[in-house]
Each structure stands twice: as structure tokens, then as C-alpha cells.
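# Observations on the model geometry
Chain residues, written in single-letter form:
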Amino acid sequence: MTIRMMLAASVAFACLGGTAFADTSSKKIALSNNYAGNSWRQAMLTSWDKITKEAVSKGVIAAADPFTTAENQATEQAAQIQNMILQGYDAIVINAASPTALNGAIKEACDAGITVVSFDGIVTEPCAWRIAVDFKAMGESQIDYLAKKLPKGGNLLEIRGLAGVSVDDEIHAGIESGVKKNPQFKVVGSVNGDWAQDVAQRAVAGVLPSLPEVAAVVTQGGDGYGAAQAFAAAKRPTPTIVMGNREDELVWWKSQKDKDGYETMSVSIAPGVSTLAFWVAQQILDGKEVKKDLVVPFLRIDQDNLEDNLKNTQKGGVANVEYSLEDAQKVIAGK
């Protein structure tokens, strides 16, 4: 590294509000993403692009290239990771198609001296780092909310996410746990919405004719508005639908709230968690001690702060939080 590069990196860290280090200005980080077919993933990629471009322009790192597979297939993503190894990346940040199916490729990366940080869709390979919200608690929080709003209980329709992904499994486990604690609720139907409103709308429309009266719909994000449209098209009463922080969901919720006081809540992981994963990878490359599992809070919207959150959510986007180097250092320190 030249003296000029070292000075540039030191200035870059100072500008970004962190401690000045020069160890990563020549390092390259890749993003391995398995799916981009909904607004959350698009917002996640936009956040990555925004934060990493600034870091590259300031000389913090040399590159932060994003890659998304054409299909949500673990085999395709494993091949993508192997290509990243051959291309000489120093770190791979990954949103994984499976918690286990990529472990072989990830172990190859680790054995090649590459730092691997998984987020959102995390992996179980011990050499990798993991950043996630407590998705089980996120699922359980929906039932906790409904138990207060609907103390007599009722029938639930569950909309799940992408099959086989750890996020889907964990949120579902939380919903199961919540129903076990609150047996006045009963799940009478379950469909996969793939975290996309159009997929969720078709799936809910397909199952509604076979369902009894539904008191509430529990979800995973990106599916609430689609569910609402399906109930309206079927001319069935609109149940309490838990939302997932997408702009279309929040707009619909506000319109119903303004019309007749419709009440619900909304919860999701912020798409900007990709930027936290980026900074964690950068800090590991810089020699920092980072524990293997980091937990960040999920982002919840309630009846009284709906308007404020909607005002700050981009059209077609998702309510979001993006992370700085300083934020990452606080998470790493457990603050």
C-alpha cells in the first residue's frame, strides 16, 4: 500500500465518523444475493449500493460488488460463491437461499482466507458470521398483538415466505409458539406468498373459498396488501392483516384507518441490514474482534406512528434504516 493510499483511507474513515484505519483500502467485498423479486430485496440492494459506493469513493475499500442469482436456487448461489473465490474477493456478504445447502461453498471460501458474513437469510457454517433479527420473536409478536386486539381469538390465515429459507422457518416457528400460548387462535390455512404482494394475492385468492371466517392474517412481509386485495375481490370481510412495512401496505392501511379506523400493526427487518453486514465485514477485514452472531432489532410500526413512517418511506419501497460505520461499531460492541 502506498503512503497516498494510506492517507486517503485515514481521511475516509475520519469523514465517515469512525476510527482511522488504513487496513482495508485495497480490500474487495462482494454481495451474494439469492433473490430480488420483491420490494424488500430491491430496497436492500439500493441501500447496499448507496452506502458502499460512498465507502469506495472515499477509499475505505477498493470494491463492493453486488451479485444476484437468476433463480432462488442454492446450487446456483453456491456456484456464484465459488466464482467469487476465484475472483479474489477478500470478503463475501451473503443473503443465503438456504441455511445449510451453501455450507460447503462457504467453507471453501473460509479455507481460502475469505471472510463470510451472512445476514437476513443466514447460514449455519461455523466459519461464517451471522447478522439477523430474532425472527422467531418477530413472528410471536404478531400473535401477542392479536391476543390484545382480539382477546376472544379466532381463525388465522398464515402467509409464509420463500420455502426453505431460514427466515421463513423462524417466523413460522414464532407464530406457532404464539398460537400455542394463545390457544384461542387457530391457524385454518397456510400459503406461501414469497414475500411478494402479487404472489400472496394469488395464493390467498386460491385458498379463500375453502376457509371459514378469518379473524386475522399473520404474515412475513410484502404480503399484507396482496391479502387485502384478495379478501376484497372475494367480497369477504377484511380481517386484521399484519403488515410488513412495505409502502403499498402502509398506504392501504392509512386509507382504511382514515375511512373507518382500521387497526393493525406492521413489522419487518429493515432492508438496510445489508449495510450493517457490509460494515461488519469491513471491520473484520480491519482486524476487529467480532462475535459470530449479532442480533439487530426488527422495525415495528404501530397505529400511532403510521403516518410518520409512511412519510419517510420511498414510494414502492420499504420502511428502512441504513447503517453507518459508527452504527456497526456499536452493534459489534453490544451497545
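Everything discussed here concerns the structure shown above.
The following paragraphs examine the structure supplied in this document. None of the values given here were measured: they were computed from a predicted structure. Note on numbering: residues in each chain are counted from 1, in written sequence order. Given that the model is predicted, a residue must reach a pLDDT of at least 70 before its local features are reported, and side-chain atom pairs must reach 80 or more before they are shown or counted; all residues, however, enter totals for whole chains, interfaces and linings. Excluded from the side-chain calculation are hydrogens and water; included are all heavy atoms of the structure.

Our focus in this paragraph is empty space enclosed by the protein. Points on a 1 Å grid, built from protein atoms alone, make a cavity when a 1.4 Å probe fits but cannot get out and make a pocket when they are open with protein on both sides within 12 Å along at least 5 of 7 lines; residues with an atom within 4 Å of a point are the lining residues. Grid points are joined across faces, edges and corners, and a volume is the space filled by probe spheres set on the points. Considering all chains together, one arrives at 1 cavity of 30 Å³ or more under this definition. Considering only enclosed or pocket space, the largest cavity measures out at about 110 Å³ in volume. Lining of the largest cavity is provided by 13 residues; of these, Asp120, Val167, Trp195, Arg246 and Ile269 occupy positions nearest its centre. Secondary structure follows DSSP: runs of H or I at least 4 residues long count as helices, runs of E at least 2 residues long count as strands, and numbering of each begins at the N terminus. Taken together, the elements giving at least two residues each to the lining of the largest cavity come down to helix H2 (39-57), helix H5 (135-149) and helix H6 (166-181). Of the residues in the lining of the largest cavity, the class split is 7 nonpolar, 3 polar and 3 charged. Note on residue classes: Ala, Val, Leu, Ile, Met, Phe, Trp, Tyr, Cys and Pro are nonpolar, Asp, Glu, Lys and Arg are charged, and everything else, Gly too, is polar.

Quick look at the environment of Asn72 now. Secondary-structure assignment places Asn72 in the loop between strand E2 (63-68) and helix H3 (74-86). Asn72 sits 37 residues away from Tyr35 along the chain, and the two C-alpha atoms are 5.5 Å apart. A distance of 2.4 Å separates polar atoms of two side chains, one belonging to Asn72 and the other to Asn34. Definition of a polar contact: a pair of N or O atoms within 3.5 Å, with one able to donate and the other able to accept a hydrogen when the atoms are protein atoms, and with sequence-neighbouring residues admitted only if both atoms are side-chain atoms.

This part takes up the side chain of Ser141. Within the secondary structure, Ser141 is located in helix H5. Contact between two residues is taken to exist if any of their heavy atoms lie within 4.5 Å; hydrogens are not considered. Beyond its immediate chain neighbours, meaning those up to four positions away, Ser141 contacts Met265 and Phe298.

Next up on the list: the state of the cysteines. Disulfide assignment relies on a single distance test, namely cysteine sulfur atoms paired within 2.5 Å. The final tally for this structure, using the stated rule, is 1 disulfide. Between Cys110 and Cys127 runs a disulfide, and the two sulfur atoms are separated by 2.1 Å. Looking down the S-S bond of the Cys110 and Cys127 bridge, the torsion is 80°, so its handedness is right-handed. Remark: Cys127 occurs in the loop between strand E4 (115-119) and strand E5 (129-132) and Cys110 occurs in helix H4 (residues 103-111); sequence separation between them is 17 residues. Partly exposed residues are those whose accessible area sits between 20% and 50% of the maximum for their type, while under 20% is buried and over 50% is exposed, using a 1.4 Å probe and protein chains only. Residue class for Cys127 comes out buried when judged on its relative accessible area of 18%.

What follows deals with the packing of aromatic side chains. Working definition: rings of Phe, Tyr and Trp (its six-membered ring) pair if their centres are within 6.5 Å, and the pair is stacked with planes under 30 degrees apart, edge-to-face with planes over 60 apart, and tilted otherwise. Inspection of every chain in the model, using the stated rule, returns 4 aromatic pairs. Seen from their ring centres, Trp252 and Tyr262 are 5.1 Å apart, and the 80° between their planes marks the pair as edge-to-face. Note that Trp252 is positioned in helix H9 (residues 247-260) and Tyr262 in the loop between H9 and strand E10 (266-268), a separation of 10 residues in sequence. Each member of the pair Trp252 and Tyr262 is classed as buried. Ring geometry for Phe278 versus Trp279: centroids 4.8 Å apart, planes at 65°, classification edge-to-face. There is no split in this pair, since Phe278 and Trp279 are both buried.

On to H3. In this model, H3 (13 residues) spans 19 Å end to end at C-alpha, consistent with the 18 Å of a helix rising 1.5 Å per residue. Among the residues of H3, those classed as buried are Ala74, Gln77, Ala78, Gln80, Ile81, Met84 and Ile85. One face of H3 carries all of its buried residues, which in axial projection span an arc of 155°. Turned more than 90 degrees away from the buried face of H3, the exposed residues are Thr75 and Leu86. Of the surrounding elements, those touching the buried residues of H3 are strand E1 (28-33), E2, strand E3 (91-95) and H4. Looking at the residues trailing H3, positive phi occurs at Gly88, about 80°. Every helix has an expected span of 1.5 Å times one less than the residues it contains. What the arc describes is the spread of directions from the helix axis to the C-beta atoms.

Within E3, 5 of the 5 residues are buried, leaving the element largely enclosed by the surrounding structure. The two faces of E3 match: Ala91, Val93 and Asn95 on one face and Ile92 and Ile94 on the other face are all buried. For two strands to count as paired, DSSP must find a minimum of two bridges between them. Where E1 and E3 come together, 5 bridges link them in parallel fashion. The residue of E3 that forms the bridge with Asn33 is Asn95. One ladder, built from 4 bridges, connects E3 with E4; its direction is parallel.

Here we take up the sheet that holds E4. Taken in spatial order, the 6 strands of this open sheet run E2-E1-E3-E4-E5-E11, and their pairing is parallel. Two strands lie at the open edges of the sheet, namely E2 and strand E11 (293-295), each paired on one side alone. For this sheet, the mean inter-axis angle between neighbouring strands, taken without regard to orientation, is 15°. Examined bridge by bridge, E4 and E5 share 3 bridges and lie parallel to one another. Bridge pairing in E5 links Ser118 to Arg130. Every axis in this analysis is a line fitted to C-alpha atoms, fitted for helices over the stretch in contact. Angles between the N-to-C directions lie between 0 and 180 degrees.

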